Structures are given as structure tokens and as C-alpha cells.
Amino acid sequence: MKKELGFFIGCTIPLKLPHLEKAFRDVANILGLKLREMEGVSCCPEPVSLQSLNMDTWVTLGARNLAIAEKMGVDILTICSGCYETLKTVSVLLKEDKEYLKKINAILNKINYNYTGKTKVYHFVELFSEPEWLDKIKSLVVKPLDDLNLAVHYGCHLVRPSKIMQFDHPEKPEKIDIILQALGAKTLDFANKLECCGYCARLQEEIGEKLVEDKMTELCELEEGVDGLIAVCPACVTQYDRKEKIIARKSGKELDIPVLYLAEMMAVALGVELEDLSLKNRSVKPDKLIEKLTS
Amino acid sequence: MTEMLKKNADNLDHSFRYEISAKVGAKSLLKCIQCGVCSSGCTVTEYVDLQPHRVVASCLLGLKEEVLSSNAIWTCSLCHRCTERCPKNVDYSFILALLRNLAVKEGKIPKEYSSTVVTIYNNGYVVPYTGGLKDNIDRRRGKMGLPELVPPDLKEIQFIIEETGLGALAKEREDDK
């Protein structure tokens, strides 16, 4: 990576889940990751409905954000898989199709933007799983997560479609596991590991509920005992955390796996005090996990 | 099971396949060999009226109305496994997005999808950020020591939405937001 990074915080995290942004900023500070605030950027825009309604609207709004990065002379760092999917797809699409880029620029030029196709887009998992960052992380761990058994949820948009995302294996990804292992945690293999959270299947509530129930039921039955499900996307985090309670009530099953954001676990291991993180700010409280961390 | 559909060749839309494949990134539609790998790995395969390989077959056959009225094009969870696994590199999830775009042009839009553009049109964000809501968000961020948000110039966002053809939808629904 040659350029500085512009910090693209998105909307869902800063507006609805600011405690996740706080955890990430703490991690970035400790690791000495230099970020520049991106001012005046909009929603990435959200990949599910905008892309469905009108491809040109989706791409043009995305290209405006990429153009702002270009003007600042930075590449983009995202902390949400939705932003990652949109911005990376738009950047690849416009890099490969110069005619389309021309069409999009014709619109952007009218509001004084121009995108030449040079902005690169990264997700923080992509960054921190690089060997140099892993070494740095390992050297700065002050509270190893030795006692924790963690299940990783990659989510779909972080790794697929691989011809666009181009960083981890699309069906057998390992980058989040590698980061958690660098923090000392044990990560678990399980059958539903690669299943979608169902957040984007908006028309039928039952799809999401079934997917969440299947995954959480399996995790509850794992012999090792799961201390938490770790995700890197605000949609996945919200989906599992909210639906888990609803399903438990409906089905009478005892589902009690807390869902945490990767940056929160990194912050803990890198020495951020638990009271400065909002680990209890979710439906399923990570009480057992906190107990293990404080004992 | 889907009901048996009988249609005369005259009533098929033979140009439909090209209407799709002419779009950026959708040429791959024409390469489908109907192997069904997309459908076997599809997250929502039990919930759709047309499975992915049948959506593609219907596009190739020219069953435009059937495809654009199916629940299949909107039920997708966007997991991209179809695209990932296709041995002929048919980009199904992208083609599906284009099919939704075509359905939208015909006014077939589930409300779960149309409300997002209204929120972005009015806030620049996918989460409402005006009035009391904005104050609450700002206060919460302030308490955590997070920097102030500098939102986009709404005029620019609205211009893009209007210029690319979603202005009417964004404004039409403004009243019932």
C-alpha cells in the first residue's frame, strides 16, 4: 500500500452502532495506523436496494465517494462489508469499463467531480491480515485471548464474488481466523461457518430466521463451548444479535451466543479497558466472555 | 411446483436475452449450460418460485413477464455463491440486479426496497440524520469522544439520484416516509 488511507466510516456503524467505530479507532490508534477522515462522503451507497433499483444510481453515488478519495490523494479503508462490497465493486467495474466510466463522469462532472479510476478500496480485515500488520498486532497484545473459543462469521460480501473482492478464499476464507489467532484466541470449525446471515433477504423474514437459528443452534451444541460469534459487518452483527433472542423466544431453545465485532476483540487484546468498550451494548450480553476476560 | 405454463413461440420476447446481455457485465448470461450448480448452492433456493437456473433459462427463452413478476428476483440474499461457483462464469447475482432494475422500470418494486432511496435522498445516509434524531446521534458520539460527522452536500446526492432516474421514486414516497 503506497497511499495514505481515507477512513470511510459508512452510515450504519457511525449512526447506529458508534461503539463499533470507537473500538476500531482505539485499535487504529494503538497500532499506529494513520487515517484521514473523509468529509462529505455519503452512504456508500448501500448495495442491496440501491443496486437493485438502479445500477447507474448505485455506481454514480459510489463513484462520487471514490472521487473524493482521489481528490484527497488517499485510498479507502472501510469497516463495513456493505461499504466494502459497494466501493470495491464500483471501483473494479469502472476500472474495467472505460466507456461506463465516461458515462458516469458525464454526470459527476456536472457537480464538479471527476473520477479517473485510481482509488483502491480495503476492508480492515484485508489490511490487518497482512504479515507486517499481524506481526505488529502480535507484538502489541497485552491481554491475550487464550481462554476464548471463538466462532468466525465471514459474511458474504467480504469475500464474494472473488473476481471482484480478490483477497481471501471465497469458500474457505481464513483471514479473520488468522487475526483472532494472532490475539491468542482459538477459532472453531463448524458446518454452518460460511452460511449467509440472511440480512439481505428482505422479502421473507423466515429466511433470515432459519439461517440464524441453524447457525446459532449448531454453535450452542459445539462441544468446545463457544464464547462468541465474531463478525466484521454491522448488518451481520445486528442480524444475529437481534434474531437470536426472537428465535429463542419462539422456539424455546436456549440460544445465548453473544455476537461481537472483530475490532472489539482486537481492542480488548490490545489493552483497551473493558469499561471503555460497550461490550454489553447488545441483546445477547457477553457475560461469560467478560467473566473469562476479567478472571 | 410451479404451474405448467404454455405459451406460443409468437408470444415470447426473443430480444429479452439481448436486452440483458447488452448491459455492462451481463454478457455472461448467454453462456449458461443449465447445469444447476447455482440452484444447488443457493441460500434461498427453497423460498423462490423460480430457482436461479430456471430464471436464466426463462430469460434465454424470452419469458420476460414471468421473470420480471417472479418473487425469485427479489428474494435473493445476495450471498454470491451462484456467481462464485458457476463453471461458465455466469454472473447470476449481477444479472439478477439488472432484472430488478428492469422490474423497477415497470413499476414493480417491493416497498422493502424502495424506502432506502428515500432515506438516502433526504439524509445522504441510509439512516435518518435530521432534527431530533441527528441531535441524539451527535450526543451519543460526543460522549464516546468520536469526531463530528461531516455529512455530504445533499444537493449533490439529490442531483445524482434525479439524474440517474430515481428522482420520481425518491420524491413520490417522500410523503409516506
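This is a predicted model, so every value here is computed, not measured.

This part covers the sheet that holds strand β6 (residues 186-187) of chain A. Residues and elements named next belong to chain A. Taken together, the four strands give an open sheet; going across it, the order is β6-β5-β7-β8, and neighbouring strands pair in parallel fashion. Both edges of this open sheet fall to β6 and β8 (259-261), since each of them pairs with a single strand only. One ladder, built from three bridges, connects strand β5 (residues 149-152) with strand β7 (residues 228-231); its direction is parallel. Bridging from a neighbouring strand, L150 pairs with G228 of β7.

Further remarks concern the domain arrangement of chain A. Bring the parts together and some accessible area is lost; that lost area is often taken as the interface size. Residues and elements named next belong to chain A. Splitting chain A by domain gives domain 1 (4-124) and domain 2 (143-294). Put simply, the middle of domain 1 and the middle of domain 2, counted by C-alpha atoms, are 25 Å apart. If you list the elements that add at least two residues to the side of domain 1 that touches domain 2, you get α1 (12-16), α2 (18-31) and α5 (81-96). In terms of residue class, the side of domain 1 that touches domain 2 is built from 12 nonpolar, six polar and three charged.

It is the contact of helix α8 (residues 111-123) of chain B with helix α10 (residues 154-163) of chain B, at a shortest axis distance of 7 Å, that shows an interaxial angle of 145 degrees. Residues V117, I120 and Y121 of chain B of α8 of chain B pack against I157, Q158 and I161 of chain B of α10 of chain B.

When its domains are assigned, chain B resolves into domain 1 (13-105) and domain 2 (111-172). Taking the mean C-alpha position of each, domain 1 of chain B and domain 2 of chain B sit 31 Å from one another.

It is worth spelling out the packing of α2 of chain A against helix α13 (residues 262-269) of chain A at this point. All names here are of chain A. At a minimum axis separation of 8 Å, α2 and α13 run at an interaxial angle of 45 degrees. Taken together, the axes of α2 and α13 are oblique relative to one another. Considering how the two elements wind past one another, α2 and α13 form a crossing that is left-handed. Across the interface between the two elements, L20, A23, F24, D26 and V27 from α2 touch A263, E264, M266 and A267 from α13.

Here the focus is the pairing of strand β3 (residues 74-78) of chain A. All names here are of chain A. For β3, a buried count of five out of five residues is recorded, marking the element as mostly surrounded by other parts of the structure. Pairing geometry for strand β1 (residues 4-8) and β3, over five bridges, is parallel. Paired with G6 across the strands is I76, a residue of β3. Direction of pairing for β3 relative to strand β4 (residues 121-123): parallel, over a ladder of three bridges. The residue of β4 that forms the bridge with I76 is V121.

So, about the nonpolar core. Counting residues in each nonpolar core, the largest one holds 145 residues, and the members touching the most others are I230, L262, A263 and M265 of chain A together with V117 of chain B. Those residues in contact with I230 of chain A, other than ones at most four positions away along the chain, are L150, V152, H153, I176, L180, L260, L262 and M265 of chain A.

A few words now on the sheet that holds β4 of chain A. Residues and elements named next belong to chain A. The strand order across the open sheet formed by four strands is β2-β1-β3-β4, and the pairing between neighbours is parallel. Of all the strands in the sheet, the pair left with one neighbour each is β2 (35-37) and β4. Each strand of the sheet is rotated relative to its neighbour by a mean of 40 degrees, with strand direction disregarded. Packing against the sheet, helix α4 (residues 55-72) makes contact with β1, β2 and β3, and its axis sits at approximately 130 degrees to β3.

The rules we used
- Residues numbered from 1 in each chain as written.
- Chains lettered and ligands numbered in written order.
- Predicted model: local features only at pLDDT ≥ 70, side-chain atom pairs only at ≥ 80, totals over all residues.
- Pairing = 2+ DSSP bridges.
- Helix = DSSP H or I, 4+ residues; strand = E, 2+ residues; numbered from the N terminus.
- Domains from an automatic or database assignment.
- Nonpolar A, V, L, I, M, F, W, Y, C, P; charged D, E, K, R; others polar.
- Axes fitted to C-alpha atoms, helices over the stretch in contact; angles between N-to-C directions.
- Contact = placed C-beta atoms within 7 Å.
- Parallel < 35°, antiparallel > 145°, perpendicular 65-115°, else oblique.
- Left-handed = near helix turned anticlockwise from the far one by under 90°.
- Buried ≥ 20, exposed ≤ 12 C-beta atoms within 10 Å, placed from the backbone.
- Core = buried A, V, L, I, M, F, W, Y, C linked by C-beta atoms within 7 Å.

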